[in-house]
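Coordinates in review
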Amino acid sequence: MIGLGNGVRVYLACGVTDMRKGISGLAALAQDVLRQNPTSGALFAFRGRKGDRIKLLTWDGQGFCLYYKVLENGRFPWPSPADGVARLTSAQMAMLWEGMDWRRPAWSAPPSRVA
């Protein structure tokens, strides 16, 4: 997974994105649809129609980085188009990248007390 710091802002473009779009097209979506500066250092996530593909776009200070993942099985959990834009934490983004449902994580049991 991409090493995200705690302070990184993560934005999901809710709904479907045309996965034929490259860096320029996704940067335009970040600016026009998500209303964010694509060179701000934030991470922008886009999902395709089938739900098995995701693209992440970020600016590293020198240029854009584009990450692309296709799940072998299953679909990436995604908000409906009516939600517009969703903001995730770094931990939620890590779960999403692994194909886990970041909206309903399975929490482990609380730690036991040491006597």
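Predicted model, so just to flag it, every value in this text is computed and none were measured. (Residues numbered from 1 in each chain as written. Predicted model: local features only at pLDDT ≥ 70, side-chain atom pairs only at ≥ 80, totals over all residues. Heavy atoms only, no water.)

Structural notes on the environment of Gly61
The following threshold applies: Helix numbering and strand numbering both begin at the N terminus, where a helix is a DSSP run of H or I of at least 4 residues and a strand a DSSP run of E of at least 2. The rule is simple: take the accessible area with a 1.4 Å probe, protein chains only, and divide by the maximum for that residue type; under 20% is buried, over 50% is exposed, in between is partly exposed.
Within the secondary structure, Gly61 is located in the loop between β3 (53-59) and β4 (64-70). Among the residues examined, Gly61 registers a relative accessible area of 52% and is labelled exposed. For the pair Gly61 and Ser40, spaced 21 residues apart in the sequence, the C-alpha separation amounts to 8.7 Å.

What to know about unusual backbone geometry
The phi torsion at Arg35 lies on the positive side, around 60 degrees, for a residue other than glycine. Among the secondary structure elements, Arg35 is positioned in the loop between α1 (23-32) and β2 (43-47). Residue Arg35 is classed as exposed on the basis of its relative accessible area of 66%.

Let's talk about the nonpolar core
Rules: We define the nonpolar core as a collection of buried residues of types Ala, Val, Leu, Ile, Met, Phe, Trp, Tyr and Cys that are connected through side-chain atoms lying within 4.5 Å of one another.
With 17 residues, the main nonpolar core has Leu12, Ile54, Leu56, Leu88, Met93 and Leu96 as its most contacted residues. Sorting elements by how many residues they give to this core places helix α2 (residues 90-97) first, with 4 residues. Among the nonpolar cores identified, the runner-up in size contains 11 residues, and Tyr11, Ala30, Leu34 and Ala42 belong to it.

Brief notes about α2
Put simply, the rule reads: Any two residues having at least one pair of non-hydrogen atoms within 4.5 Å are treated as being in contact.
Among all positions in α2, only Ser90, Met93, Met95, Leu96 and Trp97 are buried. Residues of α2 that are buried make contact with β1 (10-13), β2, β3, β4 and β5 (85-88). A positive phi of about 85 degrees marks Gly99, the residue just after α2.

A short note on the environment of Val85
Note that Val85 resides in strand β5. Look past the residues within four positions of Val85 in its chain and what remains in contact with it is Tyr11, Leu12, Cys14 and Leu34.

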